[in-house]
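Architecture at a glance
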Amino acid sequence: MNSFFLLLHNIARNKVRWFLNSFALIVAFFLFGFLGSFYSAFESGSELAANDRLIVMNKINFTQPLPYSYINKVDTMDGVKQLTHASWFGAYYLDPTDPLIGYAVDADTYLSVYDNYVLDDELLTNWQQTPVGMLVGRAMAERYGWLIGDKVAVSSNLFSHKSGGQDWEVLISGIYDGKDAQTDTDQLFLHYDYFAQTRTSGGNTIGWMVLNTENAKDNDAIMVAIDDRFENSAAETRTTTERQFNKAFVEQLGSIGLIITAVLSAVFFAILLVVGNSISMTVRERTREIGVLKALGFSRPQIFKLVLSEAMFLTLSSGTIGLALSYFALDAMGKIPQIQSIVPALLLTPSTVLQAVVYMLLLGGITGALPAYRAMSLNTVDALRRS
Amino acid sequence: MGVDKLFEIKSLSKSFIKGKTEVSIFSNLNMDINQGDFLAIMGPSGSGKTTLLNLIGGIDKPTQGTVLYRGRQYHDTTEAELSAWRAQHVGFVFQSFNLMPMLSAAGNVELPLLLRQLTRSQRREKVMAALELVGLVDRKGHKPNEMSGGQNQRVAVARAIVGDPDILLCDEPTGNLDRETATQVLDILRLLNQEFKKTIIMVTHDPLAAQYAKHRVELDKGMIVNKEVVVAKDAVVTQEATAIKEDTAGMSGELVAEKGVVT
């Protein structure tokens, strides 16, 4: 036996109480890991978005198109380094109820602006030089078992093909990876030219433009200049940073962060009271034993450490189990295609783990400190008299 | 050969406040306790026996006066120093055993050793020696609720001696035991005193227990009313305990019981 086993014996002496406390903590940290990661995955799009990447879209909203002619007008403005454009394709593959994220883009410039997509130069050239070529992300390619060279028909739920129907025959000419785990690889990209020439509606329009600036410090001025340039035109623009754009998109779904924070705060506050009360009760029940330990020569700091360690062990062990469960749950959920299309990189991030460990230590410290102090301060003679 | 004074109790007073009244347990108590003594402190309830024992053991502080251990006042040291002193020099045996219910006999005996810088095997060796001395090696894995009162008290004695302290402070060690098991525990105490030279201070109501002591002090209303030398009654030592004495004769002060036959 050593001090650790003494600690374990003390915790496990009332198995029902131990189980209930552990269970409450496991649930709390499972929720923390799960909801926290879900939220950060949800937000990762906006977090990853470069702050010097600007989006120019129709002032009405981003579903309204912009004239194709705007591309050249914006590209030649001062401070614009690189420009590309994209249009929402409204893609699905075989199953119209399972929408995919798909865009028609300018293949020559798109990956220069979005440098977080990793693709071999040879494959990039292959895609750029194949008019019916389609670039897909690794996750989507694996989901459908697509390989480079495969001919597939992707469909649109918004546009019709000139030849009839809503299918576009494409040749998979590249599969890209993400620079990091948060990069969405569950997307597809068609050539804009192929799309524009074969669709029956939409005319000479694009969805929106994305541009890099020479210097992020000039962003505000460039944004104003672009919007001023098209003021009072048929299609007025609204220019924002990509980060703002993504945040606004996410926030349309409600203040998820606030809801998650409120739920977790309530859970942790309840846990704090329950576990704190439980540890205090355990110490009260053991008053006489603490008196014996003091009589045997255990010092005040040793008694304090013993009780505090029990609280710490309880929160750290249960919290770790809760986090581990959230890891497996996130891993399982991340493999569901419907979830992937909303939150592409659903995983337990190191920052969530770190935050959770800090909360475990805080929870252990707060719930254990007062009982530990009381135990330490017990008068040995009084404690020994306690029945 | 001179006799070493282990404790010198000088003008010792202890009182506590109850409501607005100061209640004196004893005042101006003076006595010496020699090294190797087996002292029985007797007296009616409320006479201050346990309080005196607690003061000697350093778990209570006097209101006035001093208790010297080997000439050194120890009550005015820090609590950490007092704890360390207890861990090194004092073993406690309580009337109600005070064993940890979730620990086995071996686990309970090992508790004081957690305060020492010892390896696991060193601790185990000492635990087994202490359990062997009280004749409970075969019960080492049993928890307190799986043993009789007598066995629990022997585990408590093993816990008190495992760290090889100089002094054993026993508060009514036979108070919860029947005559037969009380005798077994008292035999062990006598053995520890006679063979291992432990100084034993025992609070008791039990005249039989007092007969095991070398000296007897009687307290009443906070005063020493009687001091006497007890005539040794070897006849009360059981045959088994005698066997231990023979087997352990010549051992050093370190507790290394070879055989445990007291059951």
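Cut-offs and rules
- Residues numbered from 1 in each chain as written.
- Chains lettered and ligands numbered in written order.
- Predicted model: local features only at pLDDT ≥ 70, side-chain atom pairs only at ≥ 80, totals over all residues.
- Helix = DSSP H or I, 4+ residues; strand = E, 2+ residues; numbered from the N terminus.
- Buried ≥ 20, exposed ≤ 12 C-beta atoms within 10 Å, placed from the backbone.
- Contact = placed C-beta atoms within 7 Å.
- UniProt positions renumbered as here; feature names shortened; annotations may be inferred.
- Pairing = 2+ DSSP bridges.
- Expected span 1.5 Å × (residues − 1).
- Axes fitted to C-alpha atoms, helices over the stretch in contact; angles between N-to-C directions.
- Parallel < 35°, antiparallel > 145°, perpendicular 65-115°, else oblique.
- Left-handed = near helix turned anticlockwise from the far one by under 90°.
- Nonpolar A, V, L, I, M, F, W, Y, C, P; charged D, E, K, R; others polar.

The next thing to look at is the overall build of chain A. Of regular secondary structure, chain A possesses 15 helices and 13 strands. Counting the 387 residues in chain A, one finds 40% classified as buried. Nonlocal contacts in chain A, meaning residues at least 24 apart in sequence, comprise 81% of its contacts between residues at least 6 apart.

Below, the discussion takes up the UniProt feature "transmembrane region" (unreviewed entry) in chain A. In the numbering used here, UniProt assigns the "transmembrane region" (unreviewed entry) feature to residues 20-42, 253-275 and 311-330 of chain A. The straight-line gap between the two end C-alpha atoms of residues 311-330 of chain A is 28 Å; of that span, 100% is helix and 0% is strand.

A separate point is the environment of Trp208(A). Within the secondary structure, Trp208(A) sits in strand 12 (residues 208-213). With residues near it in sequence (within four places) discarded, Trp208(A) still touches Ile55(A), Val56(A), Met57(A), Phe62(A), Leu66(A), His85(A) and Ala86(A).

This part is about the pairing of strand 3 (residues 80-88) of chain A. All names here are of chain A. Note: strand 3 against strand 12, six bridges, orientation antiparallel. The residue bridging His85 from the neighbouring strand is Met209, located in strand 12. Judged from the three bridges that link them, strand 3 and strand 5 (residues 101-105) form a sheet pairing that is antiparallel. Counted as the bridge partner of Ser87 is Ala104 from strand 5.

Over its 30 residues, helix 10 (residues 256-285) of chain A runs 43 Å from end to end, which matches the ideal 44 Å to within 8%, given 1.5 Å per residue. Buried within helix 10 of chain A are the following residues: Ile271(A), Val275(A), Ser278(A), Ile279(A), Thr282(A) and Val283(A).

Another aspect to go through is the packing of helix 10 of chain A against helix 14 (residues 350-377) of chain A. Each packed pair of helices is defined by two parameters, the angle between the axes and the distance between the axes. Residues and elements named next belong to chain A. The geometry of helix 10 relative to helix 14 is characterised by a closest axis approach of 9 Å and an angle of 25° between their N-to-C directions. In terms of their interaxial angle, helix 10 and helix 14 are classed as roughly parallel. By crossing handedness, the relation of helix 10 to helix 14 is classed as right-handed. In contact with Ile271, Leu272, Val275, Gly276, Ile279, Ser280 and Val283 of helix 10, helix 14 contributes Leu363, Ile366, Thr367, Gly368, Leu370, Pro371, Arg374 and Ala375. Residues that form the contact of helix 10 with helix 14 fall into these classes: 10 nonpolar, four polar and one charged.

Looking now at the sheet that holds strand 3 (residues 38-42) of chain B. All names here are of chain B. The six strands lie next to each other as 6-7-8-3-9-10, forming an open sheet whose pairing is mixed. Edge positions in the sheet fall to strand 6 (90-93) and strand 10 (223-229), since each has one partner strand and no second. Strand-to-strand, the axes of this sheet are offset by a mean angle of 15°, without reference to chain direction. Across the sheet, helix 5 (residues 149-161) is in contact with strand 6 and strand 7 (167-171); its angle to strand 6 comes to roughly 170°.

Further remarks concern the pairing of strand 13 (residues 237-241) of chain A. Residues and elements named next belong to chain A. Judged by which residues are buried, strand 13 turns out to be one-sided: Thr237, Thr239 and Thr241 face inward and are buried, whereas Arg238 and Thr240, on the alternate face, are not. Where strand 1 (residues 53-58) and strand 13 come together, five bridges link them in antiparallel fashion. Bridge assignment links Asn58 to a residue of strand 13, and that residue is Thr237.

A few words now on the packing of helix 12 (residues 300-334) of chain A against helix 14 of chain A. Residues and elements named next belong to chain A. Between helix 12 and helix 14, the least distance of the axes is 7 Å, while the angle of their chain directions is 150°. Classified by the angle between their axes, helix 12 and helix 14 sit roughly antiparallel to one another. Note that helix 12 runs across helix 14; the crossing there is right-handed.

Now for the interface of chain A and chain B. Listed per partner, the contact involves 18 residues of chain A and 21 residues of chain B. For the side of chain A that touches chain B, the secondary-structure elements that each account for two or more residues are helix 1 (3-12), helix 11 (287-296) and helix 15 (380-385) of chain A. A per-element tally of the side of chain A that touches chain B places helix 11 of chain A first, with six residues. Of the residues in the side of chain A that touches chain B, the class split is seven nonpolar, six polar and five charged.

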